[in-house]
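# Understanding the architecture of this molecule
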Number of protein chains: 2
Amino acid sequence: MIEQILKNARCASRSLLRADRNAWLRAIESALRDATGAILAANAVDVTRAQALATAAPLLDRLTLNSTRWEAILASIDDVIALPDPLGRVLQERTHANGMRMRKLSVPFGVIGMIYESRPNVTVDAAVLGLKAGSAMVLRGSSSALSSNRAIVTALRLGIAQAGGDPNAVQLVDSDDRADVTAMLNARGEIDLLIPRGGAKLIAHVVENARVPVIETGTGVCHLYVHASADLEQALALLLNGKVQRPGVCNSLETLLVDQAIAPDFLPKAGDALTLAGVEIRADAEARKWLPNATPAQPADFGREFLDLIVAVRVVANLDQALAHIQAHSTQHSEVIAARDAVAIERFCTEVDAACVYANASSRFSDGFEFGLGAEIGISTQKMHARGPMGLAEIVTSKYVIDGSGQVR
Amino acid sequence: MIEQILKNARCASRSLLRADRNAWLRAIESALRDATGAILAANAVDVTRAQALATAAPLLDRLTLNSTRWEAILASIDDVIALPDPLGRVLQERTHANGMRMRKLSVPFGVIGMIYESRPNVTVDAAVLGLKAGSAMVLRGSSSALSSNRAIVTALRLGIAQAGGDPNAVQLVDSDDRADVTAMLNARGEIDLLIPRGGAKLIAHVVENARVPVIETGTGVCHLYVHASADLEQALALLLNGKVQRPGVCNSLETLLVDQAIAPDFLPKAGDALTLAGVEIRADAEARKWLPNATPAQPADFGREFLDLIVAVRVVANLDQALAHIQAHSTQHSEVIAARDAVAIERFCTEVDAACVYANASSRFSDGFEFGLGAEIGISTQKMHARGPMGLAEIVTSKYVIDGSGQVR
């Protein structure tokens, strides 16, 4: 089955080269709106099954669609339609001494695969962004969302067909057979780009086993380092925002590093505020001097993505020790320094090797919308092709087109 | 041993963040010049051993250094010194509505690995370009060039040390143990980018087995399609230049596709010219009507990288059949159309999925210097990160640096 899906996708990707992609998106939005009842009913089936399996509350929440969420998903399609076309842009242009015109143009990848977990909104997001970027999409969601995804993709394909397009531009790998994932990971020449989205285990599995080009997304062990020169009120606000506002996401804080010199001033205030916000504190021996409510941190608590109201705390001797700690434990997602000292800020921003480095601002801003990308298909934690929040410009590639009049070497 | 090399490389990569990299390159050039005698003597050892092993002439040629070649290699270091710094460029800049300044800056990858075959000049090129791009280089050349590479890397490291740098910024994996290659392929988090350079077998091995990010380079099955509207003299020049000028390189032509309508006019001339140039012609039945000297093409001759004075020839019914043939057999390196018809040119340039698409110009121009990059570390045939000739801009990554004053979400 997967072989046929990939053949269909390649064929559809060629039709996308000349399609009015925004017309497709408008038709998709209309078809999804018409199918609202069927999609919410299908989602209810998934939710009921998940409840019967005693699924944890956060996961259940991510799986659940309701009218409000659905309306927001539909509205986001308008936003994507309004974005500038990422294709056909002249990225570079020059004339060779021999007269050839050489242009580097933005062009589609071709076929993009997505392997993702329970959120059904990813199915819409990925399809809409992928089509806007001119690529055919092969979607492999989780079995827990299979009913929802079937209903959504049926409507998506109906919309494409109504716009006169090839519905195979969006296909669902409609099974929970793990062999399909393996086939996607090995589909060299058939999948031009594979983007995994989900938990650390899923991402690791894809990265470890893929033979096709992959953009690694998501895992975020983000640190806040409070330098001796920090404005303590600001530092406290960054800590609370980073840890408490939405602890289950990748750009939330997991570890607090505090300069020895400022620990007696900062940690008692931080401890009170965190405890008040319901955060469990796991601290090293030095930090516990100022954090009576903290439990002792285990070595594994540093570098751990809690995704929960838990924070690891360590007192460091100085900037160098903070940098060494971050280098050892960071997932290169988002790292923050709170400081007023310009030299410390400059060193932190230069030496920390991460997609996003913040001086006196919250890690929670690592997000495609906050970065002005107008949309987000994930946050890359790798250094190749895309780094940090990925929008449309990150899911297209380029091609050199050279116009000559018989030039030879 | 490889574990220590990778640790040393990471450490050296941090020192590169503040190094005067051009000063290093000047010292390297001077050290290499001083070591000329030792390097040429070491190369003679490799060449003598290769001769004793009855190495094929083209390989022997690639392995051999002489004074003229060595002077050219040294001179190329001046060219790299003169190139603009690829680091610290502001790729994007905006101010968030909340006042944060958000910049996307070009930064080094960190540690770049190269796995390559016999040419000792690659050792110098890779080290010099990698250092200019701010990354520590881990070089694994072939065992056939081990003496040359040892002598070159010794001088490179001496130069770095003389400039006050950490010599571990360039390290040779000084063994012919295949386990070292395997270790490099699996060095996640230690090698930030791996670039294989060499024959199709080496590239395939790396791509199939790597867990670290790889840029695939080099294999070129390039086609020339002569459309019915072509200027036949121009088409003939493109054919000869592409096939004959330097048949052993990846941007040379391997296959000629000729429109049915023009085959009786073009093929006899092409056949005579190719035969005169010593090219063996392997043609399909239709083409052989006009090519009395041709041997019958086997199916495997299409899509084959001969890298030799051999060309596969096929007559196609029209543009669509040419596009389908190229899609089936191209390695997405460089593809050429000879045509005067604007619609045919536009369709070819849009629909052919390759790094470089030429209208009426030779595929031989696919080269970093011809593309104005000032240097070349390889030609990417993949779509992620870099596509086509790669210069300094293609071996750096980016990082977002956000300057705030306490902003939270």
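Residues numbered from 1 in each chain as written. Chains lettered and ligands numbered in written order. Predicted model: local features only at pLDDT ≥ 70, side-chain atom pairs only at ≥ 80, totals over all residues.

### Digging into the sheet that holds strand 3 (residues 111–116) of chain A
Residue and element names in this part refer to chain A. Condition: The rule for pairing is simple: two strands pair if DSSP sees at least two bridges between them. Numbering goes from the N terminus for both helices and strands, where a helix is a DSSP run of H or I of at least four residues and a strand is a run of E of at least two. Between N-to-C directions, angles span 0 to 180 degrees; the directions come from axes that are lines fitted to C-alpha atoms, helices contributing only their stretch in contact.
Here 4 strands make up an open sheet; going across it, the order is 5-4-3-6 and the pairing parallel. Of all strands in the sheet, those with a lone pairing partner are strand 5 (170–172) and strand 6 (193–197), marking the two edges. Across the sheet, the mean angle from the axis of one strand to that of its neighbour is 20 degrees, orientation sign disregarded. In the sheet, strand 4 (residues 136–140) pairs with strand 5 via 3 bridges, with the strands oriented parallel.

### Topic: helix 1 (residues 2–16) of chain B
Residues and elements named next belong to chain B. Let me state the cut-off plainly: To estimate how far a helix should reach, multiply one less than its number of residues by 1.5 Å. The burial label depends on the number of other C-beta atoms within 10 Å of a residue's C-beta. Counts of 20 or more mean buried, 12 or fewer mean exposed, and intermediate counts mean partly exposed, with C-beta atoms placed from the backbone. By definition, the arc is the one covered by directions from the helix axis to the C-beta atoms. Residues are defined as contacting one another if the C-beta atoms placed from their backbone atoms lie within 7 Å.
The terminal C-alpha atoms of helix 1, which comprises 15 residues, lie 21 Å apart, in line with the 21 Å expected from a rise of 1.5 Å per residue. When we look at burial in helix 1, the residues that qualify are Ile-2, Ile-5, Leu-6, Ala-9, Ala-12, Ser-13 and Leu-16. Down the axis of helix 1, the buried set is contained in an arc of 125 degrees. They therefore lie on one face. In helix 1, the exposed residues that point more than 90 degrees away from the buried face are Glu-3, Gln-4 and Lys-7. Buried residues along helix 1 sit against helix 2 (21–34), strand 2 (101–108), strand 3 (111–116), strand 4 (136–140), strand 5 (170–172) and helix 8 (178–185).

### Thoughts on the relation of the copies chain A and chain B
Using the following cut-off: Least squares is the method used to superpose the copies, on C-alpha atoms of residues holding a pLDDT of at least 70 in both.
Here chain A sits on chain B after a turn of 180 degrees about the axis and a move of 0.0 Å along it, with an RMSD of 0.0 Å. Such a combination of rotation and displacement between the chain copies is what one expects of a two-fold axis. By C-alpha distance to the rotation axis, the residue of chain A lying nearest is His-385 of chain A, at 1.8 Å. The residues that chain A uses at the interface reappear at the interface of chain B in 100% of cases, marking a shared surface.

### Points about the domain arrangement of chain A
Residues and elements named next belong to chain A. Rules: For each domain, the first and last residues come from an automatic or database assignment. Each residue gets one of three labels, nonpolar for Ala, Val, Leu, Ile, Met, Phe, Trp, Tyr, Cys and Pro, charged for Asp, Glu, Lys and Arg, and polar for the others, Gly among them.
What the domain assignment reports for chain A is domain 1 (2–216 + 382–403) and domain 2 (222–365). For domain 1 versus domain 2, the distance between C-alpha centres works out to 35 Å. Along the lines of polarity and charge, the residues of the side of domain 1 that touches domain 2 split into 2 nonpolar, 1 polar and 1 charged.

### Quick notes on the sheet that holds strand 3 of chain B
Residues and elements named next belong to chain B. Across the sheet, 4 strands lie side by side as 5-4-3-6; this open sheet has parallel pairing. Two strands close off the open sheet at either side, each with one partner strand: strand 5 and strand 6 (193–197). With strand direction ignored, the average angle separating the axes of adjacent strands in the sheet is 20 degrees. The sheet contact formed by strand 3 and strand 4 spans 5 bridges and is parallel. When the sheet's bridge partners are listed, Ile-112 is paired in strand 4 with Met-137. Sitting on the sheet, helix 8 touches strand 3, strand 4 and strand 6, and the angle it makes with strand 4 is about 145 degrees.

### Section: the interface of chain A and chain B
Of the residues lining the interface, 55 residues belong to chain A; the matching set on chain B comes to 56 residues. The set of elements that each furnish at least two residues to the side of chain A that touches chain B consists of helix 10 (232–244), helix 14 (342–351), strand 13 (356–361) and strand 16 (396–407) of chain A. Ranked by residue count, the leading element in the side of chain A that touches chain B is strand 16 of chain A, at 11 residues. Split by residue class, the side of chain A that touches chain B holds 22 nonpolar, 18 polar and 15 charged. Note: strand 16 of chain A against strand 13 (residues 356–361) of chain B, 5 bridges, orientation parallel. Of the residues in strand 13 of chain B, the one forming a bridge with Asp-403 of chain A is Ala-359 of chain B.

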